[in-house]
Each structure stands twice: as structure tokens, then as C-alpha cells.
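# Examining the three-dimensional arrangement
Here is what each chain is made of, one letter per residue.
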Amino acid sequence: MGKFKSYTAAFKIRAARFAEGGSNRAAAREFGVDEKRIREWRRQLPELEEQVEPDLARRLSGGGRKPRHPHLETSLIAWVSEQQEKSIRVTRKAIAERAKAEANDTSFKASRGWLSNFLKRHHLIVHTTTTTATT
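The rules behind the values
Residues numbered from 1 in each chain as written. Predicted model: local features only at pLDDT ≥ 70, side-chain atom pairs only at ≥ 80, totals over all residues. Heavy atoms only, no water. Helix = DSSP H or I, 4+ residues; strand = E, 2+ residues; numbered from the N terminus. Buried < 20%, exposed > 50% of the residue type's maximum accessible area, 1.4 Å probe, protein only. Contact = heavy atoms within 4.5 Å. Areas by Shrake-Rupley, 256 points an atom, 1.4 Å probe, with all protein chains shown as cover. Salt bridge = Lys/Arg side-chain N within 4 Å of Asp/Glu carboxyl O. Phe/Tyr/Trp six-rings, centres within 6.5 Å; stacked < 30°, edge-to-face > 60°. Axes fitted to C-alpha atoms, helices over the stretch in contact; angles between N-to-C directions. Parallel < 35°, antiparallel > 145°, perpendicular 65-115°, else oblique. Left-handed = near helix turned anticlockwise from the far one by under 90°. Nonpolar A, V, L, I, M, F, W, Y, C, P; charged D, E, K, R; others polar. Arc of directions from axis to C-beta.

### Some points on the overall build of the chain
- When you go through the chain residue by residue, the secondary structure sums to six helices and zero strands.
- Taken across its 135 residues, the chain has 28% of its residues classed as buried.
- Sequence-distant contacts in the chain: of pairs separated by 6 or more residues, those separated by 24 or more amount to 50%.
- Of the roughly 10300 Å² of accessible surface on the chain, 51% is carried by carbon and sulfur atoms.

Written as C-alpha cells, this is what we have:
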């Protein structure tokens with residue numbers, strides 16, 4: 001069983017354009033991918049070309065799994081922004097507690113994994129307090 005491969009949008013664009021000049025099979029051989037990928041990339045070509053940074057992007061924007069509680073995430077982002085504007089320090093624990101309180105789902109746990117992914121998804125940085133001894 002092989003590993004999954006990830007290709008940049010720029011690579012996909014090159015392969016799709018190569019296929020337009022010849023055939024899907026020839027492009028698949030040239031770029032070392034299966035023919036189905038070439039067909040997919042040819043269908044996605046307009047969206048791939050619209051991407052801001054095709055050299056870095058590996059999937060179309062909007063791709064991937066959607067959050068289970070989008071309304072919760074929206075309200076949490078607003079709350080965090082509001083706290084930061086007031087210069088109030090927001091901790092990971094405070095975000096998790098707020099999430100549990102606002103969630104309508106009793107099975108929602110606001111686990112460490114969920115919290116880390118939430119912060120990563122929304123490019124939020126929560127600094128940890130450190131103490132340093134001065135000599």
C-alpha cells in the first residue's frame with residue numbers, strides 16, 4: 001500500500017496544461033501520476049489558476065472537512081477578538097470553558113485536540129506565561 005502524495009497547485013496546473021496539448025495518458029506518464037488525477041486537475045483548472053499562491057497551496061480553498069459547530073467557532077472568534085481589543089489576556093482554558101458553555105451539544109468536550117485545531121484553523125496565537133529567573 002503506497003503513501004498518499006500531495007501536489008502543489010502549480011504542479012497540477014502544469015500537468016493539466018500539458019494534457020490539453022496532448023492526451024491525459026501522456027501527461028500521466030510525463031508527471032508520474034495516474035490518469036484520473038489528470039482528468040480531475042483538468043476539470044479543476046479554472047479554480048486552480050485563481051489561487052493566490054499556487055506554488056504553496058495543495059488543495060482548493062474551501063476543501064477539507066468542515067467544522068462540526070460553525071456557529072460556535074464564529075462566536076468564539078468574536079469573543080476572543082473582543083477580549084484582545086480590551087487588552088484582556090485570553091488563555092486556552094478560558095477559550096475551552098467558553099466553548100463548553102456556548103455549545104448546544106452536551107457531548108461537546110472542548111478537548112485539547114479540538115482547542116489546538118481551533119486555534120490553528122483561525123490563526124490564533126495564545127501565548128503561555130513563562131517565568132524567568134533574573135540574576
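### Digging into the pattern of salt bridges
- Evaluation of the coordinates by the stated rule reveals eight salt bridges.
- One salt bridge in this structure joins Glu-40 and Lys-36, with 2.9 Å as the shortest N-O distance. In this pair, Glu-40 and Lys-36 are both assigned in helix H3 (residues 35-50), four residues apart and thus about one turn of the helix distant.
- Note on Glu-40: relative accessible area 21%, which makes it partly exposed.
- Given the relative accessible area of 40%, Lys-36 is considered partly exposed.
- Between Lys-86 and Glu-82 there is a salt bridge, with its nearest N and O atoms 3.6 Å apart.
- Using a relative accessible area of 51% as the deciding quantity, one classes Lys-86 as exposed.
- Given the relative accessible area of 39%, Glu-82 is considered partly exposed.
- Within this structure, Asp-34, Lys-36, Arg-37 and Glu-40 form a network of salt bridges that share partners.

### Regarding the packing of aromatic side chains
- This structure, assessed with the given rule, holds seven aromatic pairs.
- The interplanar angle of 90 degrees and the centroid separation of 5.1 Å between the aromatic rings of Phe-108 and Trp-114 together place this pair among those described as edge-to-face.
- Ring-pair connections join several aromatic residues into one group, and the members of that group are Tyr-7, Phe-11, Phe-18, Phe-31 and Trp-41.

### Regarding the packing of helix H1 (residues 9-21) against helix H2 (residues 24-31)
- Between H1 and H2, the shortest axis-to-axis distance is 8 Å and the interhelical angle comes to 140 degrees. Relative to H2, the element H1 is oriented oblique. Taken as a pair, H1 and H2 cross one another with a handedness that is right-handed. Listed contacts from H2 to Phe-11, Arg-14, Ala-15, Phe-18 and Ala-19 of H1 are Asn-24, Ala-26, Ala-27, Glu-30 and Phe-31.
- Classifying every residue of the contact of H1 with H2 gives seven nonpolar, one polar and two charged.

### A word on helix H5 (residues 92-102)
- Here H5 has its buried residues at Ile-95, Ala-96 and Ala-99. Mapping the buried residues of H5 onto a view down its axis gives an arc of 100 degrees, with all of them on the same face. Exposed and oriented more than 90 degrees from the buried face of H5 are Lys-93 and Ala-101.
- Tucked inside the fold, the buried residues of H5 contact helix H4 (70-85) and helix H6 (112-121).

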